[in-house]
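Observations on the model geometry
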Amino acid sequence: MSHLTSPGHRRGVAARKAPLRLAVPGFAHPLVAPAEWGGLQRAGLPLDWVVLGAAAPTGPDSFAGGPGGRQDPYWLSAAVPLRSNGVRVLGHLDTGHGARPFGELLSDAQRFLNWYRVDGFALGRCPADAAGLPGTRRLTGALRTLLPGAHVVLMHGTHACEGYAALADQLVTYAGPWSGYRWSQAPAWTAGHPPERFCHLVHGVPLTHLDEALRIARWQGAGTVYVTDRTDHGGGRGALDPWECMPGYWDDLVSRIGPGVSE
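Owing to the predicted nature of the structure, the values given are computational and were not obtained by experimental measurement. (Residues numbered from 1 in each chain as written. Predicted model: local features only at pLDDT ≥ 70, side-chain atom pairs only at ≥ 80, totals over all residues. Heavy atoms only, no water.)

1. Here's the deal with the nonpolar core
W37, L47, F121 and W250 are the most contacted members of the largest nonpolar core, which totals 76 residues. Considering each element in turn, this core owes the most residues, 6 residues, to helix α4 (residues 102-116). (Core = buried A, V, L, I, M, F, W, Y, C linked by side-chain atoms within 4.5 Å. Buried < 20%, exposed > 50% of the residue type's maximum accessible area, 1.4 Å probe, protein only. Helix = DSSP H or I, 4+ residues; strand = E, 2+ residues; numbered from the N terminus.)

Spelled out as structure tokens, the structure:
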């Protein structure tokens, strides 16, 4: 049975025709990727949110990204124009699948607020199982106390248990390669929530499959996406971070996103 005809993927006409928005999970540092950050500052882009201070962890027991030890003028120069254009800027907090100390996360969140006036937070490597719910509930509650009205995104990277939907504005329920995405399925409970509650991040998508990837996102009820042809395969150089560079087909992606674009 093909992906797009599977009953498990039928989310209704409204979900499939809803306009998509773009999320940017975090380019490399603006000093390294000035073109990427500069490209986001163009007015009128269908951007939902952009993550500041994101980075891939160097090992399973390490924590990555964050605001750094002092205000960075390059991060500030990237954040201010985005916020002026009405784009949400989120500070990246690596939870380490729930292993990161609570105090460290709040300290990082406060620095993001003090230095970059972020609009909310993206919780990287967020737990997805029921055991992680109490800790995530405590953390999201504290973040909303620090910043009333904060936009909170839980970056599970996989479908979490339904309890997490009550804790955040949006759940990243897929983050991975195209090879897995094209055969993925959304659990039945997600059909009870509007598309703006879900985000999918997909790497390794060839230009020839870009339209198909966007159809799958709509079919599964995701209202926010990021699709890139970059991969995490580094050959002799080791694994790469597929999110740190802009997609080679950025203009094509932007042209396919937004009101009036549906399958």
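2. Observations concerning a nonpolar patch on the surface
Together, L31, V32 and Y74 make up a nonpolar patch on the protein surface, roughly 330 Å² of accessible area in all. Mapped onto the secondary structure, L31 falls in the loop between β1 (21-24) and α2 (34-39). (Patch = residues over 30% accessible without salt bridge, like charges linked within 9 Å, V, L, I, M, F, W, Y side chains within 5 Å. Areas by Shrake-Rupley, 256 points an atom, 1.4 Å probe, with all protein chains shown as cover. Salt bridge = Lys/Arg side-chain N within 4 Å of Asp/Glu carboxyl O.)

3. Let's talk about the pattern of salt bridges
In the structure shown here, the tally under the stated rule is 12 salt bridges. Among the ionic pairs, D169 bridges to R144, the shortest N-O distance being 3.4 Å. Linking D169 in the loop between β5 (151-155) and β6 (170-177) with R144 in helix α5 (residues 133-146), this pair joins segments that are 25 residues apart in sequence. On the accessibility criterion, D169 (27% relative accessible area) is partly exposed. Note that R256 is salt-bridged to D211, the shortest N-O span being 2.6 Å.

4. A few points about α5
Between its terminal C-alpha atoms α5 stretches 20 Å, which fits the 20 Å expected from 14 residues at 1.5 Å a residue. For α5, every residue scored as buried is listed here: L133, T136, L139, T140, A142 and L143. Where α5 is buried, its residues meet β3 (88-94), α4, β4 (120-124) and β5. (Expected span 1.5 Å × (residues − 1). Contact = heavy atoms within 4.5 Å.)

5. A closer look at the sheet that holds strand β2 (residues 47-52)
The strand order around the closed barrel formed by 8 strands is β1-β2-β3-β4-β5-β6-β7-β8, and the pairing between neighbours is parallel. Sheet twist, expressed as the mean angle between neighbouring strand axes with direction ignored, is 25 degrees. When β6 meets strand β7 (residues 198-203), the two strands line up parallel, connected through 6 bridges. By the bridge assignment, L171 is partnered in β7 with F198. In this fold α4 packs onto β2, β3 and β4, with an angle of close to 155 degrees to the strand it touches most, β3. Contacts from helix α7 (residues 210-219) reach β7 and β8 (224-227), with the element oriented near 155 degrees to β8. (Pairing = 2+ DSSP bridges. Axes fitted to C-alpha atoms, helices over the stretch in contact; angles between N-to-C directions.)

Everything listed here is a matter of coordinates, which is why it stays silent on function.
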